[in-house]
Amino acid sequence: MKRWTPQDRIIAPSLLAANFAKIGDETSRAIHAGADWMHLDVMDGHFVDNISFGPAVIQAIHESNDIFLDVHLMISRPDHYLDRFIKAGADLISVHVEADHDVAETLKRTRDAGILNGIVLNPATPFSEVEPYLDQIDLLLCMTVVPGFGGQSFMAEVLPKIEAAVKLREERGLSFHIEVDGGIKLETAPLAVAAGANVLVAGSSTFSAPDMGEAIKGLRNA
Ligand code: DX5
Ligand code: ZN
């Protein structure tokens, strides 16, 4: 599989916006439209006010395609379920700093399993909460909506956190990806990219676009 660097612009359609009655076809549609990663939003009904899908669905996608699987765990106990998502075929697993677990340990276990790790912070969480972990991560995900649902509006007040992350990454000579998730479309992607994000998650603006290929191309050139 390709080795992705923070210099790459990576477009990651979120399966949450797909038609769940035909997940295989929807994944193929995203791949043919030019998706780089597939973003998989796992919700447990506790950490966020919604329930989506779990390891069995991810394993089925993994077995039917070889696209990079970017798994975003919005669950209260990521440490408890981690091994099942690794086994399901995730290529990257990101966990929330606000969840109930030993964050450093979960990040370490993910890397020890030979896949990439990521840490996520909600819009209301200060950047200082993730600072201690920056030297042990492959990806920092800055939520640009309150997680739980697709189709919400981009929160521009998150942009200074992305700028702070870029600055610290340079100062410490690190090389993690910076991902944004929530409300990303043609109008908002340039703001996130200008701030320093290189991985763009987009649900409704890709899966619900009249032409998914055009939508992904637009985000790639934003
Ligand atoms: C929000 C999820 C997002 C969501 C994005 O809880 O983490 O990945 O699917 O959806 P859009 O792009 O529609 O805002
Ligand atoms: Zn997500």
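First things first, this report covers the structure right here in the doc. None of the values given here were measured: they were computed from a predicted structure.

This part takes up the sheet that holds strand β1 (residues 10–13). The pairing of strands in a sheet comes from backbone hydrogen bonds and takes either a parallel or an antiparallel form. Ordered in space as β1-β8-β7-β6-β5-β4-β3-β2, the 8 strands form an open sheet in which the pairing is parallel. Each end of this open sheet is capped by a strand with a single partner; those strands are β1 and β2 (37–43). Neighbouring strand axes in the sheet, compared pairwise and without regard to direction, differ in orientation by 20° on average. For strand β6 (residues 139–143) and strand β7 (residues 177–181), the ladder comprises 5 bridges, and the chain directions are parallel.

Moving on to the packing of aromatic side chains. A complete count under the given rule lists 3 aromatic pairs for this structure. Both rings, one in F20 and one in F53, keep their centres 5.9 Å apart while their planes meet at 75°; by these two values the pair is edge-to-face. You can see F20 sitting in the loop between β1 and α1 (23–32) and its partner F53 sitting in the loop between β2 and α2 (55–64), a full 33 residues away along the chain. Classification of F20 as partly exposed rests on a relative accessible area of 38%.

Conventions used here
- Residues numbered from 1 in each chain as written.
- Chains lettered and ligands numbered in written order.
- Predicted model: local features only at pLDDT ≥ 70, side-chain atom pairs only at ≥ 80, totals over all residues.
- Heavy atoms only, no water.
- Pairing = 2+ DSSP bridges.
- Helix = DSSP H or I, 4+ residues; strand = E, 2+ residues; numbered from the N terminus.
- Axes fitted to C-alpha atoms, helices over the stretch in contact; angles between N-to-C directions.
- Phe/Tyr/Trp six-rings, centres within 6.5 Å; stacked < 30°, edge-to-face > 60°.
- Buried < 20%, exposed > 50% of the residue type's maximum accessible area, 1.4 Å probe, protein only.

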